[in-house]
Amino acid sequence: MARKHPHTSASGDRDLRVNPVFSREPLTIPRYALPAGELDPGTAYQIVHDELMLDGNARLNLATFVSTWAEPEALRLMSECAEKNMIDKDEYPRTAELEMRCVHMLARLWHAPDPRRAVGCSTTGSSEAAMLGGLALKRRWRERRRAAGRPADRPNLVMGVNVQICWEKFANYFEVEPRYVPMEGDRYHLGAREAVELCDENTIGVVAVLGSTFDGSYEPVAEIAAALDDLERRTGLNVPIHVDGASGAMVAPFLDAGLEWDFRLDRVASINTSGHKYGLVMPGVGWALWRDEDALPDDLVFHVNYLGGDMPTFALNFSRPGAQVVAQYYNFLRLGIEGYRRVQQTCRDVATRLAAGIGRLGPFETLTDGGDIPVFAFRVREDVGTFTVYDVSAALRESGWLVPAYTFPENRTDLAVLRVVVRHGFGHDLADLFMDDLRRVLPRLESQPGPQRSAAEAAGFAHGAEPKPAHRAPS
Ligand SMILES: *Cc1c(COP(=O)(O)O)cnc(C)c1O
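In the annotation of an unreviewed UniProt entry, the protein is listed under the name Glutamate decarboxylase and assigned to Actinomadura geliboluensis. Entered under Sequence similarities (unreviewed entry) in the UniProt record, the comment concerning the protein runs "Belongs to the group II decarboxylase family." The record held by UniProt for the protein lists under Cofactor (unreviewed entry) the comment "pyridoxal 5'-phosphate".

Below you can see the structure in the form of structure tokens.
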């Protein structure tokens, strides 16, 4: 979706002056209309290439959770698979087989009680996977309600106000009332007691986030599950959990093996992750898994013809690139449990060391330490009067670093933070260079007469950490 109407953008209606190869005939082509004729491929390539030089340097982007580095072998496999369409199971049976192997590997990694009975699929990312997880919860709730002869027209979904924007979309697109538990004091994510308080007979499920977009913290999935067990004992209400493990579901299994957040908890019905975050694949793949066939209503599953047989599919898209799925399988094969552990541990070491270093600088206070997913948030101390997080973000931008600054949602809208996402490829050396740049800008920021930038002027994309209103009891 183009945000600016072409005629109102800075370059106006002006045609593109195509003269990138100076020895060629100068020419112009329309910027916002399909050119009438052809260009030779070399010229067309040069125009596109040159325009893209102005994009940022992905490796310096500390805002995104999505992979910006991959091994050359993974990239080679991806280009070898550029033409493969994931839906074409008949044409590309081996790609389909690799997808199924990945699902089985994840089912074991996430402790499905019987990994052979777990069902799952690849998606374009966690957002699509969240839609599928949410749809399954909604359908199961509707079936339970209808079977009990109760109305099934007012579904709601309980979650922390810190959920990623995909859950707000799910609620909006699929007409489910979102019930956001607000933040309170230094609780920046969903609490077990607060979640249960918002549940009623119309609650299709609770979303627990493993690795909050706002500060990188794990939500207490086991505590939420225990509180929902207690709710069921007291009232008979049986509310399942979907774990949004976009980041954490590919971190916790390797670094926090003792943490129970997955299918070990009976109440966890489904889990999603982004293969393109800590699954270490380039953008374009996510995963959705259900603990067993009962957790995924059969009437949501479509059947496609597969080698003359029957292949169940559950997806919002039809055609979708197969290359990312192949790259995911490559990573699983290449790294194994030990390799993923090493990569994620390095990210955690870099994040915790960087967070500690920033905490020691003086004007900052860290909210999280990078010890859950390797992501942390920090604020400017209250007694610092000369600059804000927005000034810091802008100053870092001068040296190419993209560090988003944003305010927290209710009830901590008073709190503005910066966030750093440490990913594979951002090692101790780059972290040191980042610290040098942060140290260098501080004297200037400290000698400003007062803050220069406010939230309204803040650039930078918070990657789904945009505020939304918290749940208010109906008045
Ligand atoms: C990134 C993220 C999403 C959205 O995932 P995509 O793969 O970008 O669609 C959802 N939930 C959480 C917690 C995330 O971090």
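Attention now goes to the overall build of the protein. From N to C terminus, the protein includes 11 helices and 15 strands. In terms of C-alpha radius of gyration, the protein reaches 24 Å, essentially the compact-globule figure of 23 Å for 475 residues. Principal-axis analysis of the C-alpha atoms gives the protein an extent of 75 × 65 × 50 Å. For the protein, buried positions account for 52% of its 475 residues. Nonlocal contacts in the protein, meaning residues at least 24 apart in sequence, comprise 70% of its contacts between residues at least 6 apart.

Ranked by size, the top nonpolar core spans 67 residues in total, and within it Trp110, Val206, Leu228 and Trp261 carry the most contacts. Sorting elements by how many residues they give to this core places helix H9 (residues 323-360) first, with 10 residues. Each residue touching Trp261, except ones within four places of it in the same chain, is listed here: Trp110, Leu210, Val221, Val243, Ala249, Ala252, Pro253, Val268 and Ile271. One finds Ala130, Leu157, Ile204 and Val417 within the second-largest nonpolar core, a separate group that totals 39 residues.

This paragraph deals with helix H5 (residues 165-173). Taken together, the buried positions of H5 are occupied by Cys166, Trp167, Phe170 and Ala171. Considered in projection along H5, the buried side chains sweep an arc of 140° and stay on one side of the axis. Opposite the packed face of H5, turned more than 90 degrees from it, sit the exposed residues Asn172 and Tyr173. For H5, the secondary structure elements touched by its buried residues are helix H4 (126-147), strand E4 (156-160), strand E5 (177-181), strand E6 (203-209), strand E7 (241-244) and strand E8 (268-274). Of the residues flanking the start of H5, the one acting as N-cap is Gln164, its side-chain oxygen 2.8 Å from the backbone nitrogen of Cys166. Immediately beyond the C-terminal end of H5, within one or two residues, lies Glu175, with a positive phi of roughly 55°.

What follows deals with the packing of aromatic side chains. Within the structure shown, the criterion is met by 15 aromatic pairs. Here the aromatic rings of Tyr188 and Phe408 are separated by 5.4 Å at their centres, their planes lie at 80°, and the arrangement is edge-to-face. Residue Tyr188 is found in the loop between E5 and helix H6 (192-197), and its partner Phe408 is found in the loop between strand E14 (405-407) and strand E15 (416-421); the two are separated by 220 residues along the sequence. Using a relative accessible area of 13% as the deciding quantity, one classes Tyr188 as buried. When its relative accessible area of 0% is taken as the criterion, Phe408 is described as buried. With 6.2 Å between their ring centres and 90° between their planes, Trp401 and Phe426 make a pair best called edge-to-face. With a gap of 25 residues between them, Trp401 in the loop between helix H10 (389-398) and E14 and Phe426 in the loop between E15 and helix H11 (428-446) connect regions that are remote in the sequence. You can call Phe426 buried: its relative accessible area is 5%. Positioned above the aromatic ring of Phe65, the side-chain terminus of Lys277 is 5.0 Å from the ring centre.

Here the focus is unusual backbone geometry. Following Glu410, the chain continues to Asn411 via a peptide bond in cis, the omega torsion being 0°. Its location among the elements puts Asn411 in the loop between E14 and E15. The phi dihedral of Glu175 falls on the positive side, at around 55°, and the residue is not glycine. Mapped onto the secondary structure, Glu175 falls in the loop between H5 and E5.

Taken N-terminus to C-terminus, the directions of helix H3 (residues 93-109) and H9 make an angle of 50°; their axes are 9 Å apart at the nearest point. Judged by the inter-axis angle, H3 sits oblique to H9. The interaxial crossing formed by H3 with H9 has left-handed handedness. Mapping the contact onto sequence places Thr95, Leu98, Glu99, Arg101, Cys102, Met105 and Leu106 in H3 and Val325, Val326, Gln328, Tyr329 and Phe332 in H9. When the residues that make up the contact of H3 with H9 are grouped by side-chain class, the tally is 8 nonpolar, 2 polar and 2 charged.

Another point: the site of the ligand. Of all residues adjacent to the ligand, which total 13 residues, the nearest are Ser126, Ser127, Asp244, His276 and Lys277. For the ligand, an oxygen atom lies 2.8 Å from a polar atom in the backbone of Ser126. Take His276: an N or O atom from its side chain is 2.7 Å from an oxygen atom of the ligand. For the ligand, whose free accessible area comes to 380 Å², the fraction covered by protein is 90%. In terms of residue class, the shell around the ligand is made up of 3 nonpolar, 8 polar and 2 charged.

Here the focus is the domain arrangement of the protein. You'll often see interface size given as the accessible area lost when the parts meet. Looking at the protein, the domain boundaries give domain 1 (75-334) and domain 2 (348-457). Each of domain 1 and domain 2 was reduced to a C-alpha centroid, and the two centroids are 31 Å apart. Contacts between domain 1 and domain 2 engage 21 residues on the former and 22 residues on the latter. Taken as a group, Tyr188, Phe214 and Tyr278 account for 33% of the area that domain 1 buries against domain 2, more than any other trio of residues on that side. Put simply, domain 1 and domain 2 have 1 salt bridge between them. For Arg348, the salt bridge identified is with Asp256, shortest N-O distance 2.8 Å. Linking domain 1 to domain 2 there are 11 residue pairs in polar contact (both at pLDDT 80 or more). Partitioning the side of domain 1 that touches domain 2 into residue classes produces 10 nonpolar, 7 polar and 4 charged.

Reading the values: the criteria
Residues numbered from 1 in each chain as written. Predicted model: local features only at pLDDT ≥ 70, side-chain atom pairs only at ≥ 80, totals over all residues. Heavy atoms only, no water. UniProt positions renumbered as here; feature names shortened; annotations may be inferred. Helix = DSSP H or I, 4+ residues; strand = E, 2+ residues; numbered from the N terminus. Rg over C-alpha atoms; globule rule 2.2 N^0.38 Å. Buried < 20%, exposed > 50% of the residue type's maximum accessible area, 1.4 Å probe, protein only. Contact = heavy atoms within 4.5 Å. Core = buried A, V, L, I, M, F, W, Y, C linked by side-chain atoms within 4.5 Å. Arc of directions from axis to C-beta. Polar contact = N/O pair within 3.5 Å; in protein donor to acceptor, adjacent residues only side chain to side chain. Phe/Tyr/Trp six-rings, centres within 6.5 Å; stacked < 30°, edge-to-face > 60°. Lys NZ or Arg CZ within 6 Å of the ring centre and 35° of its normal. Axes fitted to C-alpha atoms, helices over the stretch in contact; angles between N-to-C directions. Parallel < 35°, antiparallel > 145°, perpendicular 65-115°, else oblique. Left-handed = near helix turned anticlockwise from the far one by under 90°. Nonpolar A, V, L, I, M, F, W, Y, C, P; charged D, E, K, R; others polar. Near = heavy atom within 4 Å. Areas by Shrake-Rupley, 256 points an atom, 1.4 Å probe, with all protein chains shown as cover. Domains from an automatic or database assignment. Buried area = accessible area lost by both parts, 1.4 Å probe. Salt bridge = Lys/Arg side-chain N within 4 Å of Asp/Glu carboxyl O.

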